[in-house]
Amino acid sequence: MLRVEVSAYHLNEELVDWCQKNDIVVSAFAPFGNPARFWRKHGDTNLLEEEIALKIAENHGKTSAQVTMCMLLFHLFLLLRN
């Protein structure tokens, strides 16, 4: 099993696709982003504080974490069904 960061900040589509084609199980982690990610720039927002996630959450009576997980699961569904 290979653990790969899969979040809105870092989808890792090419690696996930390659693993699928080579029968390697991928275990996604850090769905809310990795605060210690090396590509993070000063001033980058926290995924759970992204304006769009907060607006969608407010409109639907959900939390930004629920919105983020829904988006990620939907994206992975699309990626994995091919």
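Data block above holds the structure.
Note that the coordinates shown come from a computational prediction; the quantities given were computed from them, not determined experimentally.

Trainee: An account of unusual backbone geometry is requested, with residue identities and associated values reported.
Mentor: Within the chain, Asp 23 stands out as a residue other than glycine whose phi angle is a positive 55°. Asp 23 sits in the exposed class, given a relative accessible area of 74%.

Trainee: Just give me the short version of the side chain of Ser 64, but keep the residues and values in it.
Mentor: With respect to the element layout, Ser 64 can be found in helix 3 (residues 64-80). What makes Ser 64 buried here is its relative accessible area of 12%. Ignoring anything within four residues of it in the chain, the contact list for Ser 64 reads Leu 48, Ala 53, Leu 54 and Ala 57.

What counts as what
Residues numbered from 1 in each chain as written. Predicted model: local features only at pLDDT ≥ 70, side-chain atom pairs only at ≥ 80, totals over all residues. Heavy atoms only, no water. Buried < 20%, exposed > 50% of the residue type's maximum accessible area, 1.4 Å probe, protein only. Helix = DSSP H or I, 4+ residues; strand = E, 2+ residues; numbered from the N terminus. Contact = heavy atoms within 4.5 Å.

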